[in-house]
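# Commentary on secondary and tertiary structure
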Amino acid sequence: VVGQGAKPGTGGLLLGMKVSERVADMRSLPQGVDQRSTVRHPDFLGADDMQIKIEELREATDYQVPIFLKMGATRPRYDVAIAAKAGVDVIVVDGAEGGTGASPELLINHTGIPTISAIRAAREALDDCGMSGKVSLVAAGGIRSGTDAAKCLALGADAVMIGTGSMIALGCNSPRYFDDYAALGTSPGKCHHCHTGLCPVGVATQEPELEARVDVPAASERVARYLTAMTMEITLLAKACGKSSVHNLEVEDLRALSMEASAFTGVKMAGIDKVYSWS
């Protein structure tokens, strides 16, 4: 991971209250102490260093594990080409809509570019450097439904990643334990307090008592149904476009309903079948 959509170009912070004995043991950290990750990875400062790191990972995994590289969507046309040339198997481009429980408001709302505008640039970068078919492109950030996923596939993604949607399916923000929500100064449906480690429903926490509030079999069933529903939605849209596979969806299956959407994505405007350009 070299970045994420909710806070591209910045490091991270793991609050001490979330560094439990179990987490401290897994990550060789002192228990209960805030942990700050730096902006730059100490092992690589550029493409050449990253290529060496990727080769080290391949050797460490006996060349049996695909190497993913996740980046925040900022300069996808250039960043994706560099990552592809560095030798990764999969590139994950995370748009500005990517969620996080511990990023400042100014970064969440004012950094990165939208997922939908990053996909075309990323696909064109892979096409231009001859890496399409060799390196897979995964879109992430703000994808909630089968409709969202189908649009990403049509724009050029090979697959999508989901985060917040699956958390909601697990039970995040569900209307239970109202007093605990109130103690955090929030309410069900509006809670964004993952960073506190005090998740009232036990989804985003390392506290054993809170974790126990998750009914694992029931939560697993909801996630499975959510993924099944998404798959059915994507399939239905592909059929509506006359396609025999969801991976046959293409840009020509899309039309933009606003000048902004057309300019951002290169998708033709509905009714005039031309791409709108600000110039």
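Heads up: these notes are all about the structure in this document. Keep in mind that what you see is a predicted model, and the values were worked out from it rather than measured.

What follows is about the pairing of strand β5 (residues 136-140). The side chains of a regular strand alternate between the sheet's two faces. With four of five residues buried, β5 lies mostly within the body of the structure. Examined bridge by bridge, β5 and strand β6 (residues 159-160) share two bridges and lie parallel to one another. Note on β6: the bridge partner recorded for Val138 is Ala159. Where the polypeptide runs from β5 across helix α6 (residues 146-155) and back to β6, its parallel neighbour, the crossover connection is right-handed.

This next bit is on the environment of Arg120. Within the element layout of this structure, Arg120 appears in helix α5 (residues 115-128). Arg120 sits 119 residues away from Lys239 along the chain, and the two C-alpha atoms are 23 Å apart. Beyond its immediate chain neighbours, meaning those up to four positions away, Arg120 contacts Leu155, Val251, Thr265, Gly266 and Val267.

To continue, consider the pairing of strand β4 (residues 90-94). Burial within β4 is extensive, with five of its five residues counted as buried. Alternating residues of β4 divide into Val90, Val92 and Asp94 and Ile91 and Val93, and every residue in both groups is buried. Following the chain from strand β3 (residues 68-72) across helix α3 (residues 76-85) to the adjacent parallel β4, one finds a crossover that is right-handed. Direction of pairing for β4 relative to β5: parallel, over a ladder of five bridges. What sits directly across from Asp94, in β5, is Ala140.

To describe a pair of aromatic rings, one takes the distance between the centres and the angle between the planes. Summed over the entire model, instances satisfying the criterion amount to zero aromatic pairs. Positioned above the aromatic ring of Tyr177, the side-chain terminus of Arg213 is 4.0 Å from the ring centre.

Rules behind the numbers
Residues numbered from 1 in each chain as written. Predicted model: local features only at pLDDT ≥ 70, side-chain atom pairs only at ≥ 80, totals over all residues. Heavy atoms only, no water. Buried < 20%, exposed > 50% of the residue type's maximum accessible area, 1.4 Å probe, protein only. Helix = DSSP H or I, 4+ residues; strand = E, 2+ residues; numbered from the N terminus. Pairing = 2+ DSSP bridges. Right-handed = clockwise from strand over helix to strand, strands pointing away. Contact = heavy atoms within 4.5 Å. Phe/Tyr/Trp six-rings, centres within 6.5 Å; stacked < 30°, edge-to-face > 60°. Lys NZ or Arg CZ within 6 Å of the ring centre and 35° of its normal.

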